[in-house]
Amino acid sequence: MTATEVLQLAKKNELRQFDLRFTDLPGLQQHVSYPISQLDEESFEEGFGFDGSSIRGWAAINESDMLLIPDPKTAYVDPFFEVPTLAMTCTVIDPITRQQYERDPRWIAQKAENYLSSTGVADHAYFGAEAEFFIFDNISFDQNQHSGFYFIDAEEGRWNMGRRENNLGFRPRYKEGYFPLPPIDHYQDLRARMVETMIRCGLNIECHHHEVATGGQCEIDQKFDTLVKSADNMMIYKYVVKNVARRSGKTVTFMPKPLFGDNGCGMHVHQSLWRNGKPLFAGDGYAGLSQMALWYIGGLLKHARALAAIIAPTTNSYKRLVPGYEAPVNLAYSRRNRSAAVRIPMYSASPKAKRVEFRPPDPSANCYLAFAAMLMAGLDGVMNKIDPGESLDKDIYDLSPEEMKSVPSMPASLEEALACLEDDHSFLLKGDVFTEEFIETYIEYKKKQEADAVRLRPHPYEFALYYDI
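Residues numbered from 1 in each chain as written. Predicted model: local features only at pLDDT ≥ 70, side-chain atom pairs only at ≥ 80, totals over all residues. Heavy atoms only, no water.

*Asks:* Could you give an account of the pairing of strand β6 (residues 85-93), naming the residues involved and the relevant values?
*Replies:* Burial of β6 is extensive: nine of the nine residues sit out of reach of the surface. Neither face of β6 is exposed, since Thr-85, Ala-87, Thr-89, Thr-91 and Ile-93 on one face and Leu-86, Met-88, Cys-90 and Val-92 on the opposite face are all buried. Of the strand pairs in this sheet, strand β5 (residues 76-77) and β6 are connected by two bridges, and their pairing is antiparallel. Bridged to Tyr-76 within β6 is Ala-87. (Buried < 20%, exposed > 50% of the residue type's maximum accessible area, 1.4 Å probe, protein only. Helix = DSSP H or I, 4+ residues; strand = E, 2+ residues; numbered from the N terminus. Pairing = 2+ DSSP bridges.)

The structure is reproduced here in structure tokens:
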């Protein structure tokens, strides 16, 4: 939509307020609301002021004044607010220089798209993310100087099978939640309401289903789109899932590993490059791939350990990325084999369906940063003709220790991932997509606010291991 069309939409639907949304460094969406009378065509050029110093990972207090510039193409009617409200996603600019703010994740994603076009390699990068999540009935947690705990409960959790009262049974067994019908799948109707709401917000939904874990693990799949649009859509996706669940008395988390002993939540990301309306990843090579696609895979695998800090960016991510379990920690590629970090889906022979699927990411990632970083790694592979090596079509978990020595793996912790990013990030700096200052800020934030914060606190299980030592 254009600015004029947005104003017409607001008038037609008798909207009384508008809500401006943007994303902080860790990936949480923020917002501010105004009466609809404050919105006119000039607003899309002039923007709206706010204090950037209060946003996580952003400006110092002496550089706090910033402007939100609404993107009319992102406008939709919010499905949850009591007062009829127009919602729009924004980019952020400096009010003095009128330049884009370099720590705005959405601007970084936009720069990645611009860089792709400037290379001549392709004119569009398409991304399709499959984000998994858990639906719980109750969550409580706390951490202070003398205590720390979390407690999760879910009506669907297998651990409730022994409950004496109000127990109708029918719960997925651990690691057996993929794809049972109701009544084992408790959330068919809830997911259907989520899907219907997403469609009203403009998302293109392909399917939804229960996932592997007990306790309400689910997935809703969107159709692929361009990089920035897919990231915008993922923010709407999370917003809708959380709020539809809350209206039903449930709570949703996108944490990668909230439950011990069952599957964690991944966000497998399908990627492809196109030029002049034609797919560039289809060819006569391995698994029907082009040489460009193989080089793109080479870039993803070469830089995967550095990418980890952005695509699996939490300490909890590395409770999921554990060798020998369900997560693809081994850096190899294969057709169909889901134990490889890069999989080539073989559902369709159509050249338009040819893509690569990168499996280590999880939904705790800031999608603007994650999609941009993966594109930059893949492009580095294409432009430097990085050989991905031999494909690995065996089950990686069945390989002998000797065979496993030749297969590199993802980092084992956020600290290790951040060290890898510190050592290997020049590919992200090309085209000024990521800046050195942003990378330094990101690493410092993640170390201090997350990695060190967790490392300094006693873990409850340490008392079980060591209290009587």
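*Asks:* Account for a negative patch on the surface, with residues named and values stated.
*Replies:* A surface patch of like charges, here negative, comprises Asp-40, Glu-41, Glu-42, Glu-45 and Glu-46. Residue Glu-45 is classed as exposed on the basis of its relative accessible area of 60%. (Patch = residues over 30% accessible without salt bridge, like charges linked within 9 Å, V, L, I, M, F, W, Y side chains within 5 Å. Areas by Shrake-Rupley, 256 points an atom, 1.4 Å probe, with all protein chains shown as cover. Salt bridge = Lys/Arg side-chain N within 4 Å of Asp/Glu carboxyl O. Lys, Arg positive; Asp, Glu negative; His and termini not counted. Charge placed at Lys NZ, Arg CZ, Asp CG, Glu CD.)

*Asks:* A description of the packing of aromatic side chains should follow, citing residues and the corresponding values.
*Replies:* Inspection of every chain in the model, using the stated rule, returns 20 aromatic pairs. Here the aromatic rings of Tyr-34 and Phe-48 are separated by 4.8 Å at their centres, their planes lie at 40°, and the arrangement is tilted. Here Phe-48 lies in strand β3 (residues 48-51) and Tyr-34 lies in strand β2 (residues 29-35), a separation of 14 residues in the sequence. For the residue pair Tyr-34 and Phe-48, the accessibility class agrees, reading buried in each case. Here a set of aromatic residues connected by ring pairs shows up, and it is made of Phe-22, Phe-50, Trp-58 and Tyr-101. One residue, Arg-21, lies across the ring of Tyr-239, its end atom 4.6 Å from the ring centre. The cationic tip of Lys-238 hangs over the ring face of Phe-254; the distance from NZ or CZ to the ring centre is 5.3 Å. (Phe/Tyr/Trp six-rings, centres within 6.5 Å; stacked < 30°, edge-to-face > 60°. Lys NZ or Arg CZ within 6 Å of the ring centre and 35° of its normal.)

*Asks:* Just give me the short version of the packing of helix α7 (residues 304-311) against helix α11 (residues 414-423), but keep the residues and values in it.
*Replies:* α11 packs onto α7 with a crossing angle of 120° between their chain directions and a minimal axis gap of 7 Å. In terms of orientation, α7 and α11 fall into the oblique class. For the pair α7 and α11, the crossing hand works out as left-handed. On the side of α7, the interface is formed by Arg-305, Ala-306, Ala-308, Ala-309 and Ile-310, while α11 contributes Glu-416, Ala-417, Leu-418, Cys-420 and Leu-421. Grouping the amino acids of the contact of α7 with α11 by side-chain chemistry returns eight nonpolar, no polar and two charged. (Axes fitted to C-alpha atoms, helices over the stretch in contact; angles between N-to-C directions. Parallel < 35°, antiparallel > 145°, perpendicular 65-115°, else oblique. Left-handed = near helix turned anticlockwise from the far one by under 90°. Contact = heavy atoms within 4.5 Å. Nonpolar A, V, L, I, M, F, W, Y, C, P; charged D, E, K, R; others polar.)

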